[in-house]
Amino acid sequence: MATAYRWLSSLLFAAIVVQVGIAGYGAFEAIHKADKAAVSKKAIEDGFNAHAALGGLILVVMLALLVVAVAGRLGPVNVRWAGGIVLLGILQYILGVTSTSVPVLGVLHGVNALALYAASALLAHRAWTTGRLPQQAPASGA
Ligand code: HEM
């Protein structure tokens, strides 16, 4: 289970990087389309189809991470980290759906993406290094 937790943490981090990248694609695709003709809401949303799909998958990976941490009895710290990320992920989903009607909430969707990036990076780093780093030799008392 610890191995599954490690690989899921890496998958989550990579997916979040891709997710931010394809949000950029959606934004520039909208400008590109608008440059040529009047653009419908649907045409702009089409540029975010991959972002919406990956957003759902990311939430599934977050939940899997939490299930693995709990079922594998990986300890309260790992469960807390995975649980915290699920909460941030749910918030991100809600903001993603509501911000199209209340655009100012999009600010929080962007900023929460940074929180998710940092949290998933720290979680993955912790998952891969805790208990695996060589013990430091005690300082010699010279
Ligand atoms: C951790 C990174 C991110 C995650 C997990 C994420 C997730 C999501 C989710 C789940 C949705 C709702 C999809 C739906 O309606 O079913 C969404 C929508 C959206 N996100 Fe993100 N997002 C992230 C980063 C960003 C960033 C950095 C931007 C750009 C500022 C952005 C822009 C948007 C926009 C414009 C929508 C609305 C798309 C539409 O309604 O077609 N997202 N996002």
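Further remarks concern helix H1 (residues 2–36). Counted at 1.5 Å a residue, the expected span for H1 with its 35 residues is 51 Å, and the 51 Å between its end C-alpha atoms agrees. Looking only at H1, the buried set comprises Tyr 5, Arg 6, Leu 8, Ser 9, Leu 12, Ala 15, Ile 16, Gln 19, Gly 26, Glu 29 and Ala 30. The elements touched by buried residues of H1 are helix H2 (41–46), helix H3 (49–71), helix H4 (76–98) and helix H5 (105–129).

In this section: the coordination of the iron atom of the ligand. Metal coordination angles have textbook ideals: 109.5 degrees for a tetrahedral set of four donors and 90 or 180 degrees for an octahedral set of six. Donor atoms from the polypeptide that bind the iron atom of the ligand are His 51 (NE2) and His 109 (NE2), placed at 2.0 Å. Because the angles between the 6 donor atoms bound to the iron atom of the ligand fall within 87 to 179°, the donor set is best described as octahedral. Linking His 51 in helix H3 with His 109 in helix H5, this pair joins segments that are 58 residues apart in sequence.

Looking now at the site of the ligand. The immediate surroundings of the ligand are formed by 16 residues, with Gln 19, His 51, Gln 92, Tyr 93 and His 109 found nearest. With respect to the ligand, the side chain of His 51 contributes an N or O atom lying 2.8 Å from a nitrogen atom. At a separation of 2.8 Å, a nitrogen atom of the ligand approaches a polar side-chain atom of His 109. Here the shell around the ligand is built from residues that sort into 8 nonpolar, 7 polar and 1 charged.

Another aspect to go through is the nonpolar core. Tyr 5, Leu 12, Ile 16, Ile 58, Met 62, Leu 65 and Ile 85 are the most contacted members of the largest nonpolar core, which totals 20 residues. Of all elements in the fold, only H1, H3, H4 and H5 reach the threshold of two or more residues within this core. The element that contributes the greatest number of residues to this core is H3, accounting for 8 residues. When near neighbours in sequence (up to four residues on either side) are disregarded, Met 62 contacts Leu 12, Ile 16, Ile 85, Val 86, Gly 89 and Leu 116.

Cut-offs applied
Residues numbered from 1 in each chain as written. Predicted model: local features only at pLDDT ≥ 70, side-chain atom pairs only at ≥ 80, totals over all residues. Heavy atoms only, no water. Helix = DSSP H or I, 4+ residues; strand = E, 2+ residues; numbered from the N terminus. Expected span 1.5 Å × (residues − 1). Buried < 20%, exposed > 50% of the residue type's maximum accessible area, 1.4 Å probe, protein only. Contact = heavy atoms within 4.5 Å. Donors = N, O, S within 2.8 Å, 3.2 Å for Na, K, Ca; no water. Tetrahedral: all angles 85-135°; square planar, octahedral: opposite > 155°, others 65-115°. Near = heavy atom within 4 Å. Polar contact = N/O pair within 3.5 Å; in protein donor to acceptor, adjacent residues only side chain to side chain. Nonpolar A, V, L, I, M, F, W, Y, C, P; charged D, E, K, R; others polar. Core = buried A, V, L, I, M, F, W, Y, C linked by side-chain atoms within 4.5 Å.

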